[in-house]
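Listed below are the residues making up each chain.
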Amino acid sequence: MNQLITLVKRNLKKTINLKQLYSNRILIKQNVQLLNSLQISSHHCSAQKLNYFPEKAFINGKWTDSVSANKFEIYDPAKNLLLGSVPDCNSSDLNQAVQSANEAFKIWSNFTAEQRGKVLRKLYDLHVEYKQQLAEIITHENGKPLRESLVEIDSSAKAYEWFSEEAKRAYGDVIPSPAPNKRFIVLKQPVGICGFITPWNFPAYMIARKTAAALAAGCTVVIKPAEDTPYSALALCQLAEMAELPPGCINVVTASRKNTAEVGKAICHNPLIKKVSFTGSTAVGKILMENCAHQVKKVQMELGGNAPFIVFNSADISKAITGLMASKFRNSGQVKLD
């Protein structure tokens, strides 16, 4: 094992400086072979302690305060204990995050699918390595039992694992042409910056399944997490740093309930954001769709509603009860499984 670590370290010394690559798109294209041969970072050899309750937002790869310097407090709902405070961002902060995501998009979208897959695989490895700490963060800010938090981190990790492999499978198509002198070719390209607004009931997984898919496609993201549960999103930012994701690919803008409407509207109205994804109530989803309509912006909504659990006379009651408890009563009933 020691020999292996020594060999990895020697190889790392021979690799190019990633920061230089990130600042120069031309270098990226000239050094594709070098990027493909990058060694997996040795961070997994010794886990460091995550900062459970950071007090800053994450924009352009930097931990930063809000423009207004205002903050709001976060409490453990199970114990009603103060966990800390985070920046109360507004539309100005959101627009800064979008600008950084726009610059990062010029770099990240030029990475090959294989290169993006390697970074996503690192994020998967880090979720596995830091599983216990990430789960404890969820339990502190969300209040769900640690056992359920551990299951949520497992699901989050699998999202990054899945899309690390799917990044290489964004196939195009060739369509038969009606004209003999024409050929129709379909190429799939990243849509651009994605704006995510996520709920509190699954603060890690809801972000993971949106972010993993976007990054795999070559998009960059701006995340506005629920005001009650910002720390899981900020923990992802720490993992992104360890995975050496280019600055600006993931941005997290925290906002209180007071500023949430302003930030949400800014996400919908900023022309640089090409797609909005929201998980939450139907009422808020309608407002977001209305705000996106004037730009005919792409939207992806997972909205609340009634998901009935129907048991027929022919059902095995014991199995039905087991399914009912798993799909309707776990997470304090805050789950939408059919």
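Predicted model only: the values in this text are computed from it and were never measured.

1. Some thoughts on helix H8 (residues 146-166)
Working step 1: The terminal C-alpha atoms of H8, which comprises 21 residues, lie 30 Å apart, in line with the 30 Å expected from a rise of 1.5 Å per residue.
Working step 2: Residues Ser149, Glu152, Ile153, Ser156, Ala157, Ala159, Tyr160 and Ser164 constitute the buried set of H8. What you see down the axis of H8 is that its buried residues fit within an arc of 145 degrees, all on one side. Set apart from the buried face of H8 by more than 90 degrees, the exposed residues are Arg147, Lys158 and Trp162.
Working step 3: If you follow the buried residues of H8, they end up packed against helix H6 (113-129), helix H7 (131-142), helix H9 (205-217) and helix H10 (231-242).

2. Details of the layout of surface pockets
Working step 1: Quantified by volume, the largest pocket comes out at close to 660 Å³.
Working step 2: If you trace the largest pocket, you find 31 residues lining it, with Ala213, Ala214, Ala216, Ala217 and Cys219 closest to the centre.
Working step 3: Elements represented by at least two residues in the lining of the largest pocket include exactly H6, H8, strand S7 (193-197), H9, strand S10 (273-280) and strand S11 (298-303).
Working step 4: Broken down by element, the lining of the largest pocket gets its largest block of residues, six residues, from H9.

3. Considering the side chain of Thr198
Working step 1: Note that Thr198 resides in the loop between S7 and H9.
Working step 2: Among the residues examined, Thr198 registers a relative accessible area of 5% and is labelled buried.

4. So, the nonpolar core
Working step 1: Of all hydrophobic cores here, the largest spans 52 residues; its most connected members are Tyr160, Leu215, Leu239, Leu245, Ile250 and Val252.
Working step 2: The leading source of residues in this core is H10, at nine residues.
Working step 3: Once you skip the residues sitting within four places of it in the chain, Ile250 turns out to touch Phe58, Thr211, Leu215, Val221, Ile223, Leu236, Cys237, Ala240 and Leu245.
Working step 4: If you look at the next biggest cluster of nonpolar residues, it comprises 21 residues, including Ile193, Ile197, Val263 and Ile273.

5. Observations regarding the environment of Ala283
Working step 1: Within the fold, Ala283 resides in helix H12 (residues 282-293).
Working step 2: The exposure class assigned to Ala283 is exposed, which follows from its relative accessible area of 53%.
Working step 3: Sequence separation of Ala283 and Leu303 is 20 residues, and the distance between their C-alpha atoms is 8.5 Å.

6. Quick notes on the pattern of salt bridges
Note on pairing: side chains with opposite charge can pair once their charged atoms come close.
Working step 1: Inspection of every chain in the model, using the stated rule, returns 13 salt bridges.
Working step 2: Across the pair Arg121 and Asp125 runs a salt bridge whose closest N-O atoms are separated by 3.7 Å. In this pair, Arg121 and Asp125 both sit in helix H6, four residues apart, roughly one turn of the helix.
Working step 3: A relative accessible area of 32% places Arg121 in the partly exposed class.

7. As for empty space enclosed by the protein
Working step 1: This structure, assessed with the given rule, holds one cavity of 30 Å³ or more.
Working step 2: There is about 90 Å³ of room inside the largest cavity.
Working step 3: Lining the largest cavity we find 13 residues, and of these His127, Leu134, Ala204, Ser232 and Leu236 sit closest to its centre.
Working step 4: Where the lining of the largest cavity is concerned, the elements lending two or more residues are H7, H8, H9 and H10.

8. Considering the packing of aromatic side chains
Working step 1: Following the criterion strictly, the structure yields four aromatic pairs and no others.
Working step 2: With centroids separated by 5.0 Å and ring planes inclined at 65 degrees, the aromatic side chains of Phe53 and Tyr231 adopt a geometry described as edge-to-face. With Phe53 in the loop between helix H4 (32-36) and strand S1 (57-59) and Tyr231 in helix H10, this pair connects stretches of sequence that are 178 residues apart.
Working step 3: Clustering of aromatic rings is evident, with ring pairs tying together Tyr52, Phe53 and Tyr231.

Conventions adopted
- Residues numbered from 1 in each chain as written.
- Predicted model: local features only at pLDDT ≥ 70, side-chain atom pairs only at ≥ 80, totals over all residues.
- Heavy atoms only, no water.
- Helix = DSSP H or I, 4+ residues; strand = E, 2+ residues; numbered from the N terminus.
- Expected span 1.5 Å × (residues − 1).
- Buried < 20%, exposed > 50% of the residue type's maximum accessible area, 1.4 Å probe, protein only.
- Arc of directions from axis to C-beta.
- Contact = heavy atoms within 4.5 Å.
- 1 Å grid on protein atoms, 1.4 Å probe; cavity = no way out; pocket = protein on both sides within 12 Å on 5 of 7 lines; lining within 4 Å.
- Points joined across faces, edges and corners; volume = space filled by probe spheres on them.
- Core = buried A, V, L, I, M, F, W, Y, C linked by side-chain atoms within 4.5 Å.
- Salt bridge = Lys/Arg side-chain N within 4 Å of Asp/Glu carboxyl O.
- Phe/Tyr/Trp six-rings, centres within 6.5 Å; stacked < 30°, edge-to-face > 60°.

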